[in-house]
Amino acid sequence: MCGIAGLYLKSEALQSQLGHHLSGMLEQLSDRGPDSAGAAFYRDPAPAGSSKVVLYSDDPGYDWRGLAAELGLAFGEVDGPAMRATHAVFVVDADAFEVEEWLNQRRPELRVMSAGTTIEIFKQEGLPKLLIERFGIERLDGTHALGHTRMATESRVTTQHSHPFSTGLDLCLVHNGSLSNHNRLRQKLRREGIRFMTDNDTEVAAGYLTWRMREGASLEQALEGCLDDLDGFYTFAVGTVDGFAVLRDPIACKPAVMAENDDWVAMASEYRAISVLPGAEDAETWEPEPGRVYSWTTARAVA
Amino acid sequence: MATDVATEALVVDLATESVRELNQRLHDQGVPHSVRILNPGGKHAIAVGIDQPLEVEIAGHVGYYCAGMNKHATVRVHGNAGVGVAENMMSGTVVVEGSASQSAGATARGGLLVVHGDASARCGISLKGADIVVRGSVGHLSAFMAQTGTLVVCGDAGEALGDSLYEARLYVRGSVAGLGADCVEKEMGDEHLQQLRELLELAGVDDVQAEDFRRYGSARQLYNFHIDNVGSY
């Protein structure tokens, strides 16, 4: 069992309260996943030409300022580190791919939690309450966010095994369920050049989406590919730079509920996580059909 | 908890009181006949295990297993219901004004479950004698291994309807995406039309005709059916 929450704000007036509302959703999902918690926020876009990376080190005394100086030498202007608990946010005047490649070469001890222009992923072991307090999640603004509470079944409980998993620039994945063909698929994806940091099954699904989109598939096509290529149980929520998408496996073993009103679109494992949102009682509420991709973007709402 | 003087109803507000306290009150002797539950907020296990003829109204959406194991009571949800509404119901009536999630009425042994919206996958799974009327459609694997009882679907049914069915009766008005193993369409006789009319009336569904439904049941090839034992299925 795990808990998933996704919240996309249509109303600009609510954007300053995104963190507050996502926190409320995550706390409702505590029972579904007390092992670890995580969130991905889409907020505070980096200036044009720059990119934003969120880095994690398990060394509490890590020399982030030294890293900032080195990044400055390599790329010019650097904004950061903006610290949130064990995570550091940097805005670098360079392409995100280049920055990630540089980090992989020069600082392999660091984990890149997210990279892109607007995404920020924060995650750690423990209850969502702890995440919310340590990372100041309540005070984060933004346009949309995904959250996850984990009850581990397939692999260890560590920060690196927690969700959301980055699936490429400004993309992330949260998952409720378990995949049974992840070992074979990981081997195949490694041959395609996809890097994996853990033995976690969800990271393989994230890697699969990264690979498919690298090969030219749209997000919708990549998700449809999951129906053929992934074996197991899943409800997925995928965060994109301007929205989010939801997919349930065709058997629909794992729950999902969606709701929408004039101010927001939300998805969650259980309705009680949506019930804390303003106007939830009167929002249109439905259960996403199995095996069907649902997606929302700023420009359009496609269901 | 408070008693509304005008209606002599017990009013329980789940914004301030726990589900455990509520359910204890519903199990206690001498509780007012009429109970109104406010701010359910999608909480799980609301009004579970009632064993007396109460009238329970729930003002909002409920979470998992609402009115599970219900006996004698009438529970009405003015909203949607999560997974397993009225699971293992023994008798009484459970009404969902909105839609219900998966496994609605699972293993229910008696009583009537009415869903005015849609029910999701596995509606009436392992049904053991209750009647279920769904005003909308049901998802895949509905009435899986249903042993006895009735599932009435005024809309459409998803894939694998009635898979591994025993002696439950299934009536569907709309399309069926696919029949499960050992489930076949059967002739609609007068006895079936009569049963269907009675159930639709009980459920308060008056805008559909019994003649528009088709009946499905077990081909009796998958299990050791013996005609001499038909009364005990």
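Computed from a predicted model, the values in this text were never measured in an experiment.

1. A short note on the environment of Glu 260 of chain A
All names here are of chain A. Structurally, Glu 260 is set in strand S13 (residues 257-260). For the pair Glu 260 and Arg 134, spaced 126 residues apart in the sequence, the C-alpha separation amounts to 30 Å. What Glu 260 contacts, discounting residues up to four positions off in sequence, is Lys 10, Val 265, Ala 283, Glu 284, Trp 286 and Trp 296.

2. Regarding the sheet that holds strand S3 (residues 34-38) of chain B
The strands making up a sheet associate through hydrogen bonds between their backbones, and the pairing can be parallel or antiparallel. Residue and element names in this part refer to chain B. In space, the 12 strands of this open sheet follow the order S1-S2-S3-S4-S5-S6-S7-S8-S9-S10-S12-S11, with mixed pairing throughout. The open sheet has two edge strands, strand S1 (2-4) and strand S11 (183-186), and neither has a second partner. Direction aside, neighbouring strands of the sheet carry axes that sit 20 degrees apart on average. Where strand S9 (residues 148-153) and strand S10 (residues 169-172) come together, four bridges link them in parallel fashion. Residue pairing for S10: Leu 151 is matched across the bridge by Leu 170. On the sheet, helix H2 (residues 190-203) packs against strand S7 (112-115), strand S8 (128-134), S9, S10 and strand S12 (214-218) and is oriented at approximately 70 degrees with respect to S10.

3. Considerations on the nonpolar core
Among the nonpolar cores identified, the biggest contains 52 residues, and Leu 7, Leu 22, Met 25, Trp 264 and Ile 274 of chain A are the most heavily contacted of them. Beyond its immediate stretch of four places on either side in the chain, Met 25 of chain A contacts Ala 5, Gly 6, Leu 7, Ala 266, Met 267, Ala 268, Ala 273, Ile 274, Val 276 and Leu 277 of chain A.

4. Regarding helix H2 (residues 64-75) of chain A
Residue and element names in this part refer to chain A. Taking 1.5 Å of rise per residue, 12 residues should cover 16 Å, and H2 covers 16 Å from first to last C-alpha, within 8% of that figure. Inspection of H2 places Trp 64, Leu 67, Ala 68, Leu 71 and Phe 75 among the buried residues, and these make up the whole buried set. Relative to the axis of H2, the buried residues are bounded by an arc of 100 degrees and lie together on one face. Turned more than 90 degrees from where H2 packs its buried face, Arg 65 and Leu 73 sit exposed.

5. Quick look at a negative patch on the surface
Residues and elements named next belong to chain A. Negative charge collects at one region of the surface, where Asp 44, Glu 77, Asp 79 and Asp 93 lie side by side. Position of Glu 77 relative to the elements: it lies in the loop between H2 and strand S4 (78-84). We classify Glu 77 as exposed; its relative accessible area is 63%.

6. Quick notes on the pairing of strand S1 (residues 2-9) of chain A
All names here are of chain A. Most of S1 sits out of view: eight of its eight residues are buried. By the alternation rule, side chains of S1 split into Cys 2, Ile 4, Gly 6 and Tyr 8 and Gly 3, Ala 5, Leu 7 and Leu 9, which are all buried. Taken together, the seven bridges between S1 and strand S8 (residues 144-150) define a ladder with antiparallel strand orientation. Within the sheet, the bridge partner assigned to Ile 4 lies in S8 and is His 148. Where S1 and strand S14 (residues 264-268) come together, five bridges link them in antiparallel fashion. Bridge pairing in S14 links Leu 9 to Trp 264.

7. Some thoughts on the sheet that holds strand S5 (residues 87-92) of chain A
Residue and element names in this part refer to chain A. Ordered by their spatial adjacency, four strands build an open sheet running S4-S5-S3-S6, and the pairing between neighbours is antiparallel. Edge strands, defined here as strands with exactly one partner in the open sheet, are S4 and strand S6 (111-116). Between one strand and the next, the sheet's axes are offset by a mean angle of 20 degrees, whatever the strand orientation. Relative to S5, S4 is paired through five bridges, and the arrangement is antiparallel.

8. A look at the packing of aromatic side chains
Tallied over the full model, the rule gives nine aromatic pairs over all chains. Relative to Trp 296 of chain A, the ring of Trp 286 of chain A has its centre 6.4 Å away and its plane inclined at 40 degrees; by these criteria the two rings are tilted. Of this pair, Trp 286 of chain A sits in strand S15 (residues 284-286) while Trp 296 of chain A sits in strand S16 (residues 294-297); the two residues are 10 residues apart in sequence, bridging distant segments of the chain. Judged by its relative accessible area of 22%, Trp 286 of chain A is partly exposed. Classification of Trp 296 of chain A by relative accessible area gives buried; the value is 3%. Between the aromatic rings of Tyr 64 of chain B and Tyr 65 of chain B, the centroid separation amounts to 5.7 Å while the plane-to-plane angle is 80 degrees, which identifies the pairing as edge-to-face. A relative accessible area of 38% means that Tyr 65 of chain B is categorised as partly exposed. Among the aromatic residues, ring-to-ring pairing joins Tyr 62, Trp 64 and Phe 90 of chain A into one connected group.

9. Remarks on the interface of chain B and chain A
The extent of an interface is frequently quoted as the accessible surface area lost upon association of the parts. Between chain B and chain A, the residue contacts involve 13 residues of the former and 16 residues of the latter. Taking both partners together, chain B and chain A bury about 1,000 Å²; carbon and sulfur atoms supply 43% of that area. When residues of chain B are sorted by the area they lose upon contact with chain A, His 61, Tyr 64 and His 140 of chain B head the list and together hold 37% of the total. At the junction of chain B with chain A, the criterion picks out zero salt bridges. Counting every contact that joins chain B to chain A gives 10 residue pairs in polar contact (both at pLDDT 80 or more). Grouping the constituent residues of the side of chain B that touches chain A by class yields two nonpolar, 10 polar and one charged.

About the cut-offs
- Residues numbered from 1 in each chain as written.
- Chains lettered and ligands numbered in written order.
- Predicted model: local features only at pLDDT ≥ 70, side-chain atom pairs only at ≥ 80, totals over all residues.
- Heavy atoms only, no water.
- Helix = DSSP H or I, 4+ residues; strand = E, 2+ residues; numbered from the N terminus.
- Contact = heavy atoms within 4.5 Å.
- Pairing = 2+ DSSP bridges.
- Axes fitted to C-alpha atoms, helices over the stretch in contact; angles between N-to-C directions.
- Core = buried A, V, L, I, M, F, W, Y, C linked by side-chain atoms within 4.5 Å.
- Buried < 20%, exposed > 50% of the residue type's maximum accessible area, 1.4 Å probe, protein only.
- Expected span 1.5 Å × (residues − 1).
- Arc of directions from axis to C-beta.
- Patch = residues over 30% accessible without salt bridge, like charges linked within 9 Å, V, L, I, M, F, W, Y side chains within 5 Å.
- Areas by Shrake-Rupley, 256 points an atom, 1.4 Å probe, with all protein chains shown as cover.
- Salt bridge = Lys/Arg side-chain N within 4 Å of Asp/Glu carboxyl O.
- Lys, Arg positive; Asp, Glu negative; His and termini not counted.
- Charge placed at Lys NZ, Arg CZ, Asp CG, Glu CD.
- Phe/Tyr/Trp six-rings, centres within 6.5 Å; stacked < 30°, edge-to-face > 60°.
- Buried area = accessible area lost by both parts, 1.4 Å probe.
- Polar contact = N/O pair within 3.5 Å; in protein donor to acceptor, adjacent residues only side chain to side chain.
- Nonpolar A, V, L, I, M, F, W, Y, C, P; charged D, E, K, R; others polar.

Honestly, it's all geometry; don't read function into it.
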